[in-house]
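Residue strings, one per chain:
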Amino acid sequence: MSENTQNTTTSADNEARRKKLLLGLAGGVAAGALLSFAYWAFYASHFVSTDNAYAAVEIAQVTPSVAGTVSDVRVTDTQAVRKGDILVVIDPADATLALAQAEAELGRAERRVKGYVANDGGLAAQIAAREADEKRAAAQQASAEADFERARIDLQRREALSASGSVSGDELTRAQNAFAAAQANLAAARASAAQAKANREAAIGSKAVNAALIANTTEETNPEVALARARRDQAVIDLERTIIRAPVDGVVAKRQVQLGQRVQAGAPLLAVVPVQEMHVDANFKEGQLEKVRVGQPVSLKADIYGSSVTYHGVVE
């Protein structure tokens, strides 16, 4: 075989191998693309993921409802607490005195209302007495009017007879005195009758005022008693609020309160973090959320543990 023939054969073999390699590579690329498409279409397209996510929780802020001096602090930062555990105690002296005062005011209000009820019967009797006085004064006025009329007629007769000398001057003087006395008695009787009427009307007015204080109520439902009872109940609540308790289960954080500190209502003392209710705020692109629905399962990995720990949850 000549040298030219051998070179031609070698070149043909190399070209054939090259074509086979290219075809194999193309086939591998095609197969990889097909597998990638199949993986995406049948599996990966059903999931979305993000690294832009952060753990979060609704912190319970603990603040006092009443002002006072802190007498005891029973927790420290990072301490685990249960709902209802005592966290801080405010000196109850002021609240105790306020409660005693409110209870005393309630007792006084109850006695005052009982007095209103008792007075109602007494004022009714007083009205009856004033009505009797008015009738007696009217009778006395009628008697005085009759005496006055008799004295007037008697005086007129004496004056008529005096002109003819039939009546002595002394007798005329007595008639004039009797008339003046009857006139004065009539004026006094009229004044007494007017006073008796005024007294009866005053008694009626007093009863009306007293009746307005107890109208449509009982001793328990009277507004004065209800107001005093509400103030007493508020004082009881204020005393209970001197003991500040944990609102939820969790861990104490951001403790700012100190023993002996004077605190005002609403001032932040500390926070309780309900770690058992933590959630993750995950941020996705809008296009990734097309098929995301509430209730779908979620797998999460935290940076602190890496892939060694997987948390499971659902979309809220």
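Residues numbered from 1 in each chain as written. Predicted model: local features only at pLDDT ≥ 70, side-chain atom pairs only at ≥ 80, totals over all residues. Heavy atoms only, no water.

Engineer: Would you take a moment to explain the overall build of the chain for this structure?
Structural biologist: Secondary structure summary: the chain contains 4 helices and 12 strands in total. Radius of gyration (C-alpha) of the chain: 54 Å, far over the 20 Å computed for a compact globule of 316 residues. Principal axes of the C-alpha set define a box for the chain whose edges measure 210 × 45 × 25 Å. The buried share of the chain, taken over its 316 residues, is 19%. (Helix = DSSP H or I, 4+ residues; strand = E, 2+ residues; numbered from the N terminus. Rg over C-alpha atoms; globule rule 2.2 N^0.38 Å. Buried < 20%, exposed > 50% of the residue type's maximum accessible area, 1.4 Å probe, protein only.)

Engineer: Would you take a moment to explain the nonpolar core for this structure?
Structural biologist: Grouped burial of nonpolar side chains is what soluble globular proteins tend to show. Of all hydrophobic cores here, the largest spans 18 residues; its most connected members are V81, L87, V88, V257, L270 and V272. Looking at this core, the elements with two or more residues in it are β2 (60-62), β3 (68-73), β5 (86-90) and β9 (270-273). Look past the residues within four positions of V257 in its chain and what remains in contact with it is V70, V73, V88, L269 and L270. Membership of the second largest hydrophobic core comes to 10 residues, among which are A151, L172, F179 and A189. (Core = buried A, V, L, I, M, F, W, Y, C linked by side-chain atoms within 4.5 Å. Contact = heavy atoms within 4.5 Å.)

Engineer: What should I look at first to understand unusual backbone geometry in this one?
Structural biologist: Phi is mostly negative for residues that are not glycine, and the peptide bonds are mostly trans. Even without being glycine, T78 reaches a positive phi, approximately 70°. Relative to the helices and strands, T78 is located in the loop between β3 and β4 (80-81). Accessibility expressed as a relative area gives 65% for T78, which makes it exposed. Despite not being glycine, K254 shows a phi value in the positive range, around 55°. By the secondary structure assignment, K254 is in the loop between β7 (250-253) and β8 (262-263).

Engineer: Explain the sheet that holds β8 here, please?
Structural biologist: Within a sheet, neighbouring strands are paired by backbone hydrogen bonds and run either parallel or antiparallel to one another. Strand order across the open sheet formed by 4 strands is β6-β5-β3-β8, with antiparallel pairing between neighbours. The sheet is open, and its two borders are formed by β6 (243-245) and β8, each paired with just one other strand. When β3 meets β5, the two strands line up antiparallel, connected through 3 bridges. Looking across to β5, one finds that V73 is bridged to V88. (Pairing = 2+ DSSP bridges.)

Engineer: Is there a simple way to explain the pattern of salt bridges in this structure?
Structural biologist: Close approach of charged atoms lets side chains of opposite charge pair. One pass over the structure, following the stated rule, counts 11 salt bridges. The partner of R112 in a salt bridge is E105, and the shortest N-O contact between them spans 3.8 Å. Residue classification places E105 among the partly exposed residues on the basis of a relative accessible area of 24%. Here E224 and R112 are joined by a salt bridge, their closest N and O atoms 2.7 Å apart. Here E224 is found in helix α4 (residues 223-240), whereas its partner R112 is found in helix α2 (residues 93-164), with 112 residues between them in sequence. (Salt bridge = Lys/Arg side-chain N within 4 Å of Asp/Glu carboxyl O.)

Engineer: Explain the environment of V57 here, please?
Structural biologist: Summarising the element assignment, V57 is placed in the loop between β1 (53-56) and β2. Each C-alpha atom of the pair V57 and R255 lies 17 Å from the other, and the pair is 198 residues apart in sequence. Apart from the residues lying within four places of it in its own chain, the contact partners of V57 are V273, P274, E277, M278 and H279.

Engineer: In this structure, what is going on with a nonpolar patch on the surface? I would like to understand it.
Structural biologist: A cluster of nonpolar side chains, contributed by I304, Y305 and Y311, occupies part of the molecular surface with about 360 Å² of accessible area. The residue Y311 is located in strand β12 (residues 311-314) in this model. (Patch = residues over 30% accessible without salt bridge, like charges linked within 9 Å, V, L, I, M, F, W, Y side chains within 5 Å. Areas by Shrake-Rupley, 256 points an atom, 1.4 Å probe, with all protein chains shown as cover.)

Engineer: Where do I start with the pairing of β9 in this structure?
Structural biologist: Side-chain positions along a regular strand alternate between the two faces of the sheet. Side chains of β9 alternate between two faces, with L270 and V272 and A271 and V273 buried alike. Note: β2 against β9, 3 bridges, orientation antiparallel. Looking at β9, one finds that A60 is bridged to V272. The pairing of β7 with β9 spans 3 bridges and is classified as antiparallel. The residue bridging V251 from the neighbouring strand is V273, located in β9.

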